Amino acid sequence: MTEAIAARRVYLGLGSNLGNRVEQLVSALDALVAGGVAIDEVSALYETPPWGVTEQPAFLNAAAGGTTTLDAHAVLELAKRIEAEAGRDFGAPRWTARPIDVDILLIEDEIVASQELTIPHPLLHERGFVLVPLADVAADVAHPQQDQTVAELLAALPDSERVGVVEVEPEGWYRAGSSPAD
C-alpha cells in the first residue's frame, strides 16, 4: 500500500507558441485540474520572445499555482501526458516551437534531483519569461536553493532577461473550461 501524500503547493510554468496559443494554455490548465492539481491562481498572460532557439514564433507564457496530493514524479507524468496529447514532438531539438510546454517550477520547499526531474526548475531564477508570471502568483514564495523570494529573484534579474516580456491579458484571463480566441 502506498503512503498518502498531504496536499502541498505546486507552481507550474506554461508556454505555447504553436496553434491557438491561448486555447492550448486553457486546455493544459483544464487538464492539470482534471489530473489532480487544484489550480487556484493563474498569472497574467505574457507574450515573450523565444529563448534558446530564436528563429520561431513568440510564446505566450503564464504561471499557475495550486495544490496537489500527487508526488513530484506523478506531476511530471501528468505534464508530459498533457504535452503529448497536445501534439508536442519530444524528439524535436530542445527549446524549439511547441504547442504546449508545462514545467514544474516549485513544489513547496521540495528539492528533487533525478535523471528525469529537477525541482526547483534549474533555470527558473535566470529566465524573465518564467519569473515575471511566477511573481504574479508566488511573489513571496522562497526558492529553496537560492535563499530569495520569487520577487527578489525577479528584482535581481538583468533587464536583458525582462525585455520583451509583455503582458497581453491581465490576471483573470483563465476561467476553467473557457476557450477564448488567440
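Above this text you will find the structure in question.
Residues numbered from 1 in each chain as written. Predicted model: local features only at pLDDT ≥ 70, side-chain atom pairs only at ≥ 80, totals over all residues. Heavy atoms only, no water.

Caption draft 1: Expanded view of the nonpolar core. Counting 31 residues, the largest nonpolar core has Leu12, Leu14, Leu29, Leu32, Val102, Ile104 and Trp173 as its most contacted members. Looking at this core, the elements with two or more residues in it are β1 (8-16), α1 (21-34), β2 (37-42), β4 (59-68), α2 (72-85) and β5 (101-107). Not counting chain neighbours up to four residues away, the residues in contact with Trp173 comprise Val22, Leu25, Val26, Leu29, Val42, Ser43, Ala44, Leu45 and Ala62. One finds Leu124, Ala138, Leu154 and Leu157 within the second-largest nonpolar core, a separate group that totals 20 residues. (Core = buried A, V, L, I, M, F, W, Y, C linked by side-chain atoms within 4.5 Å. Buried < 20%, exposed > 50% of the residue type's maximum accessible area, 1.4 Å probe, protein only. Helix = DSSP H or I, 4+ residues; strand = E, 2+ residues; numbered from the N terminus. Contact = heavy atoms within 4.5 Å.)

Caption draft 2: View of the layout of surface pockets. In this structure, the largest pocket spans a volume of roughly 910 Å³. Along its surface, the largest pocket is lined by 45 residues, and Arg88, Arg94, Asp101, Asp103 and His121 are the ones closest to its centre. Its residues assigned to classes, the lining of the largest pocket shows 26 nonpolar, 10 polar and nine charged. (1 Å grid on protein atoms, 1.4 Å probe; cavity = no way out; pocket = protein on both sides within 12 Å on 5 of 7 lines; lining within 4 Å. Points joined across faces, edges and corners; volume = space filled by probe spheres on them. Nonpolar A, V, L, I, M, F, W, Y, C, P; charged D, E, K, R; others polar.)

Caption draft 3: Geometry of the pattern of salt bridges. By the definition in use, this model includes nine salt bridges. Between Glu41 and Arg9 there is a salt bridge whose closest N-O contact spans 2.7 Å. One end of the pair, Glu41, is in strand β2; the other, Arg9, is in strand β1, with 32 residues separating them in the sequence. Judged by its relative accessible area of 30%, Glu41 is partly exposed. Arg162 serves as the salt-bridge partner of Asp159, at 3.8 Å between the closest nitrogen and oxygen. One end of the pair, Asp159, and the other, Arg162, are both in helix α5 (residues 159-162), three residues apart, so they sit about a helical turn from each other. (Salt bridge = Lys/Arg side-chain N within 4 Å of Asp/Glu carboxyl O.)

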